[in-house]
Structure formats: structure tokens, C-alpha cells
Amino acid sequence: MDFFSEMRGPRQTATLSSHYDAVSFDFLAMLWQRRGLILSMACGSMLLAALATMIMPSRYAADLVLQFDFTREDAPNGGGKSSSVALEASTLVESEARIIRSLATARAVASRMGLDSEPEKPASTLSGLMAGAAEMIFSSAARNRIREFLGLGGVGPMTAPARRDIVAQKLLSSLTVSNDAKAYLITLKYQDTDPDRAARIVNAFGIEYLRRKMEASASASQRSSQWYGLQALEARANLVRIDKEIEDFRIRTGFVELGQDGADMQQQQLRDMLAQLNAASVTRLAEETRLHRAQVSLAAGNVPQATDLGGSPVVQALLDEEGKARRALDEMVSSTGDRHPAVARLKLTLASVQERLKKQLAQSVANIETDVQAAHAAEAALSQRVAALQTKSIESRGLEGQLKTLQAEATAARDRLKQLSDAQQQSSAVSELRPVVAQILAPAEVPSLPASPSQALVLGLALMGGLAAGASLSYALEKRDRGFRSENEFAAETRVNCVGLLPNLEHYPSGLESLVFAEAVRSTVAGMFPPTNPPKVVLITSTAPGEGKSFVASAMARVLAKMGQRVLVVDGSPRRLLLGENFPHEALLDQCLPQTGDVSAADATPVATVRRASGLRDGQNVYSNPAFEAMLREARARYDIILFEVAPVLLSADSALLREHADTVLHVVKWNDTRKTTVATTLDHLARLGLDVGGIVLNCVDLEEQGRYNASDRGQIYRDYKSFYQASA
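Quantities reported herein were computed from a predicted structural model and do not represent experimental measurements. (Residues numbered from 1 in each chain as written. Predicted model: local features only at pLDDT ≥ 70, side-chain atom pairs only at ≥ 80, totals over all residues. Heavy atoms only, no water.)

Some remarks on the overall build of the protein chain
In terms of helices and strands, the protein chain carries 22 helices and 13 strands. Expressed as a percentage of the 729 residues in the protein chain, the buried residues total 35%. Considering only contacts in the protein chain between residues 6 or more positions apart, those separated by 24 or more positions represent 80%. Surface accessibility of the protein chain: about 42,300 Å² in total, with carbon and sulfur atoms responsible for 56%. (Helix = DSSP H or I, 4+ residues; strand = E, 2+ residues; numbered from the N terminus. Buried < 20%, exposed > 50% of the residue type's maximum accessible area, 1.4 Å probe, protein only. Contact = heavy atoms within 4.5 Å. Areas by Shrake-Rupley, 256 points an atom, 1.4 Å probe, with all protein chains shown as cover.)

Now the structure itself:
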């Protein structure tokens, strides 16, 4: 019974959803068709899983948890914690997990626990049975080569390193290392059939990892201490060299540090001398200005100012005496006139006073010039003293700078020597006890419950795996069978209708099956030859040899003859038959479609047959011969229907040569045999030749075998309703 026959019909190209619906229904039908295979594989998988769970021993898992702390205390003057690494902690945790999973760690565990010296024993009963069977089947040399090929080592004598490596690889195969980057945790899980052994081995892995980390840390500290010691020796030698250079500099230059007080006194002396130089310059400028004004006044015939003359009392007395003489002369002239002897005496007196005043002014100007020269001399002396002090200060600064540079180098060398000495002492102390960033947070304990999955889960997984494997195998078998199994497939694959489905008459030579075949042929004839405007010349083609074209042509000819048609069957296949020899299928057709004579001609049958007697080598131009065209014109006039069987389309050019004479084409396809792609290529070739394919006949259908594929077509109807033919027999 086909549960999907009502949903799966001829495919339509209306919408994409209908296409996917059809594909889904076909897939479900395929699963239902192969349900026996799928169920067998599912039951076999469950049986194997059940046997495996019974034979294989229980395995116990022991867990160990390592916690990492990537922080350290700051310096004594600082508080809190800071990261001691520059990389992400998650990356470091993953790196530590790889170290635990390394072969070197497994080798160390195997050596420390003595696992490499224990006698080898089978891991399970199944392994023991397989080992015993191998000893019975294979020789010692063959077993040795097989073990070497699988990487298990030979059965002969084995070196200690090789045995240790084999044991280490077995330990790693049972060890699982997982890390949690957010919590900085690494979980070690080891599975073994012995719970105590599992706990001891996983604890050994954790202890071995911590031991290696401590050894690596101590070794690094010792190397650091040695390096700091070498650097301290170099720094001490450098400090001695710098001190020697300072001593040589002092002896060579005779320079002594003045200190802060000496430097301030020298600077104060220089500032005082500069102040005196400035005062001398001002004095010189004032004397020069006074001299210039006095000289200008004398040149103009005037008397210089008293300030310019420095307040000379002689000049002031002469000026007063001149004033008195000038007033007395004026009074005398106004009273006695210019000719009075007293006036003459007064003029002589005035001239004497003016002469003396002139000489005194000249003497005063000379005194001013002397003062100017003295001011120049004082300024020059002060300038020399200032220059000498400045030169001395600059030289002192340069020597002091060189000395300070040497002293700074000496100070830096002392600081570096102190730092290296402190670092060496600290490294020496840390090498004795250095903290490790990892610690065992939860050591492994002996497990009491097995870690193997439950039997229900194993059976469920086996069931799902068996169903999936069965479905996959069914799909592969379905794809391997590329022939047509149902007439509905033609509409979807070739877009050409199937007009007939003919059962394989060789399996049912008599009985009700012959009635089924006869009715199938009549249905095909009715589909190919409608009552109005039926085709006259029908080419019967095939894709490959052995499709049953001759059988179909003979059967259709007999049915047409019973319908009162005059039929000519032209057997155009290039094969050689003896004269009068019939095909093997004629005997089968006589049982279900016996021939009857024509009522109008007692000496002739309604079905006439013309056979090609030549092969391909000696009959290349048989259809282009004018005699063939004449024969075909005569046949059209004498017969109602001409069934022209030709060689396979893609193997011969007969179809192309006869295309102008054919009204339609009937293509014969063998059931579940000819590839679908080849049939589609043949139909495309016929379309390019311009031939109209009126229909396809699915020949040699095994109805019982077709029922296994749940095909929904006329074959199903023939199988389900045999009672109809039994009642109508």
C-alpha cells in the first residue's frame, strides 16, 4: 500500500512550491519504499550497540581542577595588585593547557609512576578476544608489521624509550584537558576502567605540571641572578674608572670646587665691579657734557654757567668786579661824557678785569678737560677689571661643568651598581622559593560511578544513526537506479506523455496476465490513433537496442488489425534474419493477441510485414533509394497504417532520413533499464530533427517489482484490480 499515492501525482510546473511539494513527497515515498532496509539497519545498529555495551567494560573518569592567578603584589610603597603579564590571560591559560597535553609531560608521568615497566594487558574483553583471534590468524611477523603500521610497536623486544612513548600516547588518548578562560581554570579528566588508577594518573599529571613550572621558575631565577652578578662586576669596574678620571682632572687643571658660598661671592664681586663701571661711565659722560657746554659758551663770547665751571670763586669774584666797573663806567659817561679822564681810567680798569676773567675761564676749561681725562682713565681701568673677572668666571664654569659631568657619571654608576646588587640578592632569594601562578584547586578523588553513557542513550543514538544510515543508503540506491519506473515520471523528466504501459509478458505468458497485456496494448493504440485525423506513418524508435520496438510494433499491429485496419509493419532495423524466420516474441503474442485472417482476402492477413535484410555495412543508402520511395507511396495507398520500426535514434541516421515521411513518433523505453538522461537526450535530438513525438511506451514493466517502488500509475491499477480481468475472462 502506498500512503503517498494520493498526494503524489503528475508533476506540474505551475509554482515553485508545488515543485518542492512533489520533491518532498517523492522523498517520503522513497523512504516508505525502502522501509525494510532502513528498519533493518536501525535494528542492526541497536543490536551492535547493545553488544558493545555488554562486552566493553565500564570506564571511570577522574577530574582535577587547576586555578591560575596572574596577579602579583606591587612594590612596598604601592598598594593593590597589578597584572604581571602583558598578554591576555586567556591566551596564557590555553598555552598552559597545551603544556599539560604535551608528550613530554605524559612521558614524565609514565616514568614516575612506572607505567612503562608494567606488563601490557588488553584494555577490555573485546580487545582480548581480538588479540587472541589475531594470534590464531596471523603469524608473529605479520602481527609485528601490523602493529608497527598502526603505531603500536612490534610484538618483539622493545626499547625503553619506545615503550615509554607508547604508554605516553595511550595516556594522552585517555586524557582530556579543557580550560575556562574567564575563570582561569583548567580541568583535567582521565578515563580508565580502574577508578583508582584514573584518580592516580590525573593527579600525577597535575603534580608533574606544577613540578615542571617550579623547576622552570627556579632555573629562570638562577639565570637572572648570574646575569645580575656579571652586570654588577661591569658596573663596579666602570665606577673605578670614572673616579680615576675625576682625580686626574683635578690634578691636571688645579681646579677646586668653590661650593655654593664661593660661587656667590665671585658673582657679587663681578656685580660690584659692573656697578662701578657703570658709575664711571656716567661720570665720564657728565664731564664731557660740561666741557662741551663750556667750550660752546666761550666760543660764543659768553661766560659759562657756574655749574659747568664747578662753582669757581675766582671766576665769580671777577664777574662781580667786572659788573661794578661796568656800572661805574656807565655812570661816569652819563655824567661827564666820554672825554673825561676818569672815563678813560675806568675803561682801562674794565679792560684789565675782563682780561683777567678771560684767563681765569681758560684755566677753568683746562681743569674740566683734566677731569674728563681722569674719568676716561677710571672707566678704562674698571673695564679691564670687569673683563678679567668675566674671563675667570667663564673658565671656572667650564671646569666646573666638566667636573660635574664626571661626578654625574660616577653617581649613575654607583646607583646602577646598587640596583644590580639588590637585584642579584633578590634573585638569589627568590630562586630558593618562587611562587607558581597555578595551584590544584580540587584534586581528583576515586570516582564511584562510571562515566560511560547510559545504555538508553547509546541505544537511542544507535537507533538514530541506523535510521540516518538507512535513509542515506536508500537515497544512494535510489539515485543509482536511473531508469524510468512509472509513466508519471515522463511528464516531469521529458515533458512527453506516456501513452502506454506494457507489462512484461515473459513473466506472465498465460492466464489473466495476458488479458492485462492485451488491454494495455489496446489502450496504447487508442491513445496514439484518435478517431479523427489519425497518423498514417508512425516511426517506432528507441534509445538503445533491446528496448522491445519489434515487440511493441507487432502487438500494436495485431490490435489495429483486429480493429479492422490494414496495417503494414516495416522492420527497418539493420539486422540479418534468415528468410521466413520469425522473432521469438511472436510466439508470446500468439498466446494473448492471436492473429486472424482478413475477411476480404482469404489468402492474406491484415498485418503485412516488410523486413530489412541488409546491415549497416552493405545498406547505407537504403532509405534514399528511389525504389524505397516508390514502395512507400504504394504502401500509403494500400494500407491504413504503417508502423515503421527504425534503429536506435542516437546510433543510426535512419530517423533523420525518414523524418519527411513520418507523421508522428512512438518512442519505446524499457522499464527500469534505460537511463533517464539518455532518454532525454534522444527526445531532444528528435525535436531538433523536427519530428513530433506523439507518445512514449514504457515496455517490459514487471508489475510485481514495480509494486515495491509504490509507483502511482496504470501499473498500480493493473495490480490492484486483477479481479476485474478475472470476472471478465
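Details of the pattern of salt bridges
With the rule as written, the count across this model stands at 20 salt bridges. With its nearest N and O atoms 3.4 Å apart, the salt bridge here joins Asp243 to Arg414. In this pair, Asp243 is assigned in helix α8 (residues 195–253) and Arg414 in helix α11 (residues 341–432), connecting sequence segments 171 residues apart. Accessibility expressed as a relative area gives 31% for Asp243, which makes it partly exposed. One salt bridge in this structure joins Glu519 and Arg522, with 2.8 Å as the shortest N-O distance. With Glu519 and Arg522 both in helix α14 (residues 512–528) and three residues apart, the pair spans about one turn of that helix. It is possible to trace a salt-bridge network through shared partners that takes in Arg112, Glu208, Arg211 and Arg212. (Salt bridge = Lys/Arg side-chain N within 4 Å of Asp/Glu carboxyl O.)

Some points on the environment of Lys182
Following the sequence through the fold, Lys182 ends up in the loop between β4 (175–180) and β5 (185–192). Along the sequence, Lys182 and Ser90 sit 92 residues apart, while their C-alpha atoms lie 7.1 Å from each other.

Re the packing of aromatic side chains
Going through the model one piece at a time under the given rule, you end up with three aromatic pairs. Arranged with centres 5.9 Å apart and planes meeting at 75°, the rings of Phe628 and Phe644 form a pair that is edge-to-face. Of this pair, Phe628 sits in helix α17 (residues 626–638) while Phe644 sits in strand β11 (residues 641–645), and the two are 16 residues apart along the sequence. With a relative accessible area of 8%, Phe628 lands in the buried category. Phe644 sits in the buried class, given a relative accessible area of 2%. The residue whose ring lies beneath Lys676 is Phe484, and the NZ or CZ to ring-centre distance is 5.6 Å. (Phe/Tyr/Trp six-rings, centres within 6.5 Å; stacked < 30°, edge-to-face > 60°. Lys NZ or Arg CZ within 6 Å of the ring centre and 35° of its normal.)

Considering helix α15 (residues 549–562)
Here α15 spans 20 Å end to end across 14 residues, near enough to the 20 Å set by a 1.5 Å rise per residue. A large share of α15 lies buried, amounting to 13 of its 14 residues. A positive phi of about 90° marks Gly564, the residue just after α15. (Expected span 1.5 Å × (residues − 1).)

Points about unusual backbone geometry
With phi around 55°, Asn672 is a residue other than glycine that occupies positive phi space. Within the secondary structure layout, Asn672 lies in the loop between β12 (664–670) and α19 (676–688). Here the phi dihedral of Cys700 falls at roughly 60°; this positive angle occurs in a residue that is not glycine. Tracing the chain through its elements places Cys700 in strand β13 (residues 693–701). The class for Cys700 is partly exposed, based on a relative accessible area of 21%.

Some words on the pairing of strand β1 (residues 60–68)
With seven of nine residues buried, β1 is to be regarded as a mostly interior element. Pairing analysis gives four bridges linking β1 to strand β6 (residues 438–442), with the strands arranged antiparallel. When the sheet's bridge partners are listed, Phe68 is paired in β6 with Ala438. (Pairing = 2+ DSSP bridges.)

Overview of the environment of Gln33
Tracing the backbone shows Gln33 in helix α1 (residues 16–33). Expressed as a C-alpha distance, the spacing of Gln33 and Tyr709, which sit 676 residues apart in the sequence, is 5.6 Å.

Overview of the nonpolar core
The biggest cluster of nonpolar side chains holds 70 residues, and the ones touching the most others in it are Phe517, Val521, Phe529, Leu643 and Leu698. Other than its neighbours up to four places away in sequence, Phe529 contacts Pro534, Pro535, Val538, Met556, Leu560, Ile641 and Leu643. (Core = buried A, V, L, I, M, F, W, Y, C linked by side-chain atoms within 4.5 Å.)

Considering the side chain of Arg485
Looking at the element boundaries, Arg485 is found in the loop between α12 (455–480) and α13 (488–493). In contact with Arg485, not counting residues within four places along its chain, are Gln33, Arg34, Glu478, Trp671, Asn672, Leu698, Gln706, Tyr709, Ala711 and Asp713.

Examining the sheet that holds strand β9 (residues 567–571)
In spatial order, the strands read β7-β13-β12-β8-β11-β9-β10; together these seven strands make up an open sheet with parallel pairing. Only two strands of the sheet have a single partner each, and these edge strands are β7 (498–503) and β10 (607–611). For this sheet the average axis-to-axis angle between neighbouring strands, irrespective of direction, equals 20°. Across five bridges, the pairing between β9 and β10 is parallel. For Leu568, the partnering residue across the bridge sits in β10 and is Ala608. (Axes fitted to C-alpha atoms, helices over the stretch in contact; angles between N-to-C directions.)

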